[in-house]
Amino acid sequence: IEFFVKWFSGEDDPLFSVSWSLPLLLNDMLMLENQIPFFVIERLYDISTFDPDRPEDAQPKPSLIGIIMDYLRGIEDAEVRHDRENVHHMLHLYHCCFVQPLELPRNANEEGGNANNIGNPFLFLPKMIPCATQLREFGVHIKKNKHARSMFDISFRNGTLEIPRVAIEEMTRSRYMNLIAFEQCHDNGKYLTSYAVFMAYLINTAQDAILLQRYDVIDNKLANEEEAAKFFSQLHACSYINYDEHYLAPVFRDINTYCRRWWPKRRARLCHDYFASPWAVISFLAALIFMGFSIFKIVVMILSVFFHFHERK
């Protein structure tokens, strides 16, 4: 409470002069085990800021939740939207602000079926998707969603997977893990959990992370690409979702439907067997050239026998 009041009133404090202190402090405030019921904090705020000499015509005292939301806007540099009712604690408020529900992804893939079939017990909904390097072998085009409404705005249609750009760093890891832990305790859509599971399947190895960096889908601020792959696998390890009802279920379904089609399957096998490395490509081209010469030699031989036969006749 003292921190937020000082920050809002613009008081000078050594804590505010160190740029990296505010994100660290926010991570501490968002740890699941550090949460205090919000009505308790609001009551303490009212008591600690009570002024018996306050004039009746003075401006209303700012609410604690309004101060916190202004703080979140400044530190996250993002739009903050929130329904003020029924806030359980600080982590819940943060979740309400930044994990915004979306409509079902705009996956108008004609071969994928209807997104309204989610929840149908007779509809097969896969629990996995191929990783980024495998999707490339299947002919899936991965690109950044430049018009994303949020980080959760993932769509797949006509063989193109669009993903909003996301930055990953150590502070983000702690924040996501606590938000996912909160989602595991509440039935509120589990958007971040679904997103983490999707990205964990998509980034299975360091090569997948390199590929997504090349497509400008992830901004890796960790030590290396191996750490980027571990980033989402650690989030996935503590995540549970209902694969029949989570918000990315249509994307899982449509990707697998596309990859099971005849040409993507043959294309993936061709890429895996003959184009996995430069030496494999050279060997494949050499085999094609040798086969071409062999066919040419056979054709020449057949033509020579044919013309020789006609000359004798």
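Reading the values: rules and limits
- Residues numbered from 1 in each chain as written.
- Predicted model: local features only at pLDDT ≥ 70, side-chain atom pairs only at ≥ 80, totals over all residues.
- Heavy atoms only, no water.
- Helix = DSSP H or I, 4+ residues; strand = E, 2+ residues; numbered from the N terminus.
- Buried < 20%, exposed > 50% of the residue type's maximum accessible area, 1.4 Å probe, protein only.
- Contact = heavy atoms within 4.5 Å.
- Areas by Shrake-Rupley, 256 points an atom, 1.4 Å probe, with all protein chains shown as cover.
- Pairing = 2+ DSSP bridges.
- Axes fitted to C-alpha atoms, helices over the stretch in contact; angles between N-to-C directions.
- pLDDT = per-residue confidence, 0-100.
- Core = buried A, V, L, I, M, F, W, Y, C linked by side-chain atoms within 4.5 Å.
- Salt bridge = Lys/Arg side-chain N within 4 Å of Asp/Glu carboxyl O.
- Polar contact = N/O pair within 3.5 Å; in protein donor to acceptor, adjacent residues only side chain to side chain.
- Parallel < 35°, antiparallel > 145°, perpendicular 65-115°, else oblique.

(A) Summary view of the overall build of the protein chain. Secondary structure summary: the protein chain contains 13 helices and 5 strands in total. Counting all 313 residues of the protein chain, 40% fall into the buried class. Pairs at least 24 apart in sequence give 69% of the contacts found in the protein chain among residues at least 6 apart. Accessible surface computed for the protein chain: about 18,600 Å², of which carbon and sulfur atoms make up 57%.

(B) Spotlight on helix H5 (residues 90-98). Across the 9 residues that make up H5, a large majority, 8, are buried. Within the span of H5, buried status applies to Met90, Leu91, His92, Leu93, Tyr94, His95, Cys97 and Phe98.

(C) Molecular detail of the sheet that holds strand S3 (residues 160-163). What the 3 strands build is an open sheet, ordered S1-S3-S2; its pairing is mixed. If you trace the sheet from one side to the other, it starts and ends with strand S1 (141-144) and strand S2 (155-157), each paired once. Strand-to-strand twist in this sheet, taken as the mean axis angle between neighbours without regard to direction, amounts to 20°. Inspection of the sheet shows S2 paired to S3 by 3 bridges, in the antiparallel sense. Pairing of Ser155 across the sheet is with Glu162, part of S3. Contacting S2 and S3, helix H11 (residues 249-259) runs over the sheet at an angle of about 30° to S2.

(D) Representation of the confidence of the model for the protein chain. Averaged over every residue, the pLDDT of the protein chain is 80; the share at 70 or more is 77%. The secondary structure element of the protein chain with the lowest average pLDDT is helix H12 (residues 262-274), at 59, and the one with the highest is S3, at 94. Confidence over residues 104-123 falls short of pLDDT 50; this stretch has 42 contacts with residues more than four positions distant or in other chains.

(E) Quick peek at the nonpolar core. Within the largest apolar cluster, 72 residues are counted, with the highest numbers of intra-cluster contacts made by Leu161, Phe198 and Leu202. The greatest single-element share of this core, amounting to 10 residues, is contributed by helix H8 (residues 191-202). Contacts of Leu161, omitting those with residues within four sequence positions, involve Leu135, Val140, His141, Ile142, Lys143, Ile154, Ser155, Phe156, Phe198, Leu202, Val251 and Ile255.

(F) Focus on the pattern of salt bridges. Inspection of every chain in the model, using the stated rule, returns 11 salt bridges. As a salt-bridge pair, Glu170 and Arg173 come within 2.8 Å of each other at their nearest N and O atoms. Of this pair, Glu170 and Arg173 both sit in helix H7 (residues 170-185), 3 residues apart, which is roughly one turn of the helix. A residue is classified by how much of its surface remains accessible, and Arg173, at 8% relative accessible area, is buried. Note that Lys221 is salt-bridged to Asp219, the shortest N-O span being 3.9 Å. Several salt bridges share partner residues, and in doing so they unite Lys144, Arg165, Asp216, Asp219 and Lys221 into one network.

(G) Region of interest: the environment of Gln234. With respect to the helices and strands, Gln234 occurs in helix H10 (residues 225-237). You can call Gln234 partly exposed: its relative accessible area is 35%. Between the C-alpha atoms of Gln234 and Met177, which are 57 residues apart in sequence, the distance is 8.5 Å. Separated by 2.5 Å, the side chains of Gln234 and Arg173 make a polar contact.

(H) Seen up close, the packing of H5 against H7. Remark: H5 packs on H7, axes separated minimally by 10 Å, with the N-to-C direction vectors making an angle of 100°. Between H5 and H7, the crossing angle belongs to the class labelled roughly perpendicular. Contacts between H5 and H7 involve Leu91, His92, Tyr94 and His95 from the former and Arg175, Asn178, Leu179, Phe182 and Glu183 from the latter.

(I) Structural detail: unusual backbone geometry. Its identity is not glycine, yet Asn158 carries a phi of approximately 50°, on the positive side. Mapped onto the fold, Asn158 is located in the loop between S2 and S3. Judged by relative accessible area, which is 58%, Asn158 ranks as exposed. Despite not being glycine, Asp216 shows a phi value in the positive range, around 65°. Counting through the fold element by element, Asp216 comes out in the loop between helix H9 (206-214) and strand S5 (218-220). What makes Asp216 partly exposed here is its relative accessible area of 27%.

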